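Geometric and topological summary
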Amino acid sequence: MQHPQSVQEVVNAGLCIGCGLCEALAPDRWRMAFTDQGRLRPAKIGEGSDSEILRACPGAVVRPNDEQATHLDDIWGSYHTMQEAWAGDADIRFRAATGGVLTALGVHLLRSGKAAFVLHCAADPDAPMRSKWCMSDTEEQVIRRAGSRYGPSDTLAGLEVAIARDAPFAVIAKPCDANAVRERARIDARLNRLLVAVLVMVCGGASDLGKSHAVLREYDLEEDELSLFRYRGYGNPGPTRIETKDGRAFQKTYAEMWADEAGWRIQTRCKLCADPLGEAADVAAADIWPGAVPEGEDAGFNGVITRTAAGEELYQSALAAGDLTCGDFITPREFDGYQPHQVNKKHALASRLRGMAEAGQATFRHEGLRLAALDDQNTDEQVGTARRVREGRFFEDLPKGDT
């Protein structure tokens, strides 16, 4: 298989997820901007080599962390603990997506002094339907910014700013962002020294803004009218809630928002993701609804997967402090039942990558993710992927540099 030789090739091949790493590493050459399709992509603003970016770009390389944990499962990877858990604080559990585990861990890191701040993303105060990278220095900031952001997010655009603070910090982000952070830490001694935890959600894919714009059209709203666009939280799974500057409010239940998978507007890179389960992270948190479908609102529960010794230590520390509460242990096969779409993707991915190669498309390097062992040799997947590449359905252009 051939691999991307430039950032532009990553984007053109449909392999970009808009993580923001290229802006962080080369702000004189790349700036994140929205495309006409509502995707965050690097806009070219200068010339130069992309070789350093490609060493960590998740559109060019995907690997798990370097540690071998206590257990290894072909689907779920290397782990120490799989267990039900939720935030010990009832307010965090209510505000945050599902059980609030990632928010509670961020709070615990600040409260214990293990981290000075958290790099993550939150709703853009000036455009609340969109997400913006941020650094939270206090527990209150982490809690206020809790909740899933289903649209594009470029959290890693803030990575160099975070490193420049020269203080220990954690990252809460997507699995693909964790891939990039971990690869970058292999070659950047500053990041390797300062990074205390990488925390991710098990990810079903990131929508582009087209999904959110479709919701606005239902209510005959324009984006500049909004004062709030909350995708989830304030319950489990919690409603999507929209508020306007003139005091109107609209809500959709989780089922109303997400029941029609055809309207999710999932980005191409997500359909090819080799690590949606957060194997590069220290801790991953997942929804644990049987069959991946919530039956209604409840208090909120996460499935926690600790991936590294540091992640296991952090998890046990948060439990001991009461910042997390735990329930039953979970087996990998039980996780299969909670996340069947992830199991299907893992088995299909090798066929999809072969289809890309057959059509002459570049794809990412990968290792340590057991794709060959999980390969279901699905001819339909391979042929279908090759056809979509040839039809130009994976192709994306760069946004304009002055966007």
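Before any of the text, the structure's been laid out above.
First, a word on scope: everything that follows refers to the structure included in this document.

A few points about the overall build of the protein
Of regular secondary structure, the protein possesses 17 helices and 17 strands. The C-alpha atoms of the protein give a radius of gyration of 20 Å, which matches the 22 Å a tight globule of 403 residues would have. Residues counted as buried form 59% of the 403 residues belonging to the protein. Carbon and sulfur atoms form 48% of the exposed surface of the protein, whose accessible area is close to 16,100 Å². Mean positive and mean negative side-chain charge positions of the protein (47 and 60 charges, respectively) differ by 3 Å.

Concerning the packing of helix α5 (residues 101-111) against helix α13 (residues 309-321)
It is the contact of α5 with α13, at a shortest axis distance of 10 Å, that shows an interaxial angle of 85 degrees. With respect to α13, the axis of α5 lies roughly perpendicular. Counting all contacts with α5, which are made through Leu105, His108 and Leu109, the residues of α13 involved are Leu314, Ser317, Ala318 and Ala321. Among the residues making up the contact of α5 with α13, the classes are represented as five nonpolar, two polar and no charged.

Some remarks on the pairing of strand β10 (residues 195-201)
The side chains of a regular strand alternate, residue by residue, between the two faces of the sheet. For β10, the tally of buried residues reaches five of seven residues, placing the bulk of the element in the interior. Relative to β10, strand β9 (residues 169-173) runs parallel, the two sharing five bridges. Looking at β10, one finds that Ala170 is bridged to Ala197. For β10 and strand β14 (residues 283-287), the ladder comprises three bridges, and the chain directions are parallel. When the sheet's bridge partners are listed, Met201 is paired in β14 with Ala285.

Some words on helix α15 (residues 340-358)
If you check α15, its first and last C-alpha atoms are 28 Å apart, about what 19 residues at 1.5 Å a residue would give, namely 27 Å. The largest bend along α15 reaches roughly 45 degrees and is located at Ala348. For α15, every residue scored as buried is listed here: Gln342, Val343, Lys345, Lys346, Ala348, Leu349, Ala350, Ser351, Arg352, Leu353, Gly355 and Met356. Against α12 (268-271), α14 (332-338), β17 (365-366), α16 (371-374) and α17 (379-390) lie the buried residues of α15.

Observations regarding the sheet that holds strand β15 (residues 302-306)
Taken in spatial order, the eight strands line up as β8-β7-β9-β10-β14-β15-β6-β16 in an open sheet, and their pairing is mixed. Each having just a single partner strand, β8 (127-136) and β16 (324-329) make up the two edges of the open sheet. If you compare each strand with its neighbour and ignore which way they point, the axes differ by 25 degrees on average. The sheet contact formed by strand β6 (residues 81-87) and β15 spans five bridges and is antiparallel. Looking across to β15, one finds that Gln83 is bridged to Val304. Here helix α8 (residues 175-187) sits on the sheet in contact with β9 and β10, set at roughly 155 degrees to β10.

A word on the packing of α15 against α17
Between α15 and α17, the least distance of the axes is 7 Å, while the angle of their chain directions is 40 degrees. Relative to α17, the element α15 is oriented oblique. Note on packing geometry: the crossing formed by α15 with α17 is right-handed. Here Ala348, Ser351, Arg352, Arg354, Gly355, Met356 and Glu358 of α15 come into contact with α17, specifically with Glu381, Gln382, Thr385, Ala386, Val389 and Arg390. Looking at the contact of α15 with α17 residue by residue, the class counts come to four nonpolar, four polar and five charged.

So, how was this worked out
- Residues numbered from 1 in each chain as written.
- Predicted model: local features only at pLDDT ≥ 70, side-chain atom pairs only at ≥ 80, totals over all residues.
- Heavy atoms only, no water.
- Helix = DSSP H or I, 4+ residues; strand = E, 2+ residues; numbered from the N terminus.
- Rg over C-alpha atoms; globule rule 2.2 N^0.38 Å.
- Buried < 20%, exposed > 50% of the residue type's maximum accessible area, 1.4 Å probe, protein only.
- Areas by Shrake-Rupley, 256 points an atom, 1.4 Å probe, with all protein chains shown as cover.
- Lys, Arg positive; Asp, Glu negative; His and termini not counted.
- Charge placed at Lys NZ, Arg CZ, Asp CG, Glu CD.
- Axes fitted to C-alpha atoms, helices over the stretch in contact; angles between N-to-C directions.
- Parallel < 35°, antiparallel > 145°, perpendicular 65-115°, else oblique.
- Contact = heavy atoms within 4.5 Å.
- Nonpolar A, V, L, I, M, F, W, Y, C, P; charged D, E, K, R; others polar.
- Pairing = 2+ DSSP bridges.
- Expected span 1.5 Å × (residues − 1).
- Bend = angle between axes of the 7 residues up to and from the residue.
- Left-handed = near helix turned anticlockwise from the far one by under 90°.

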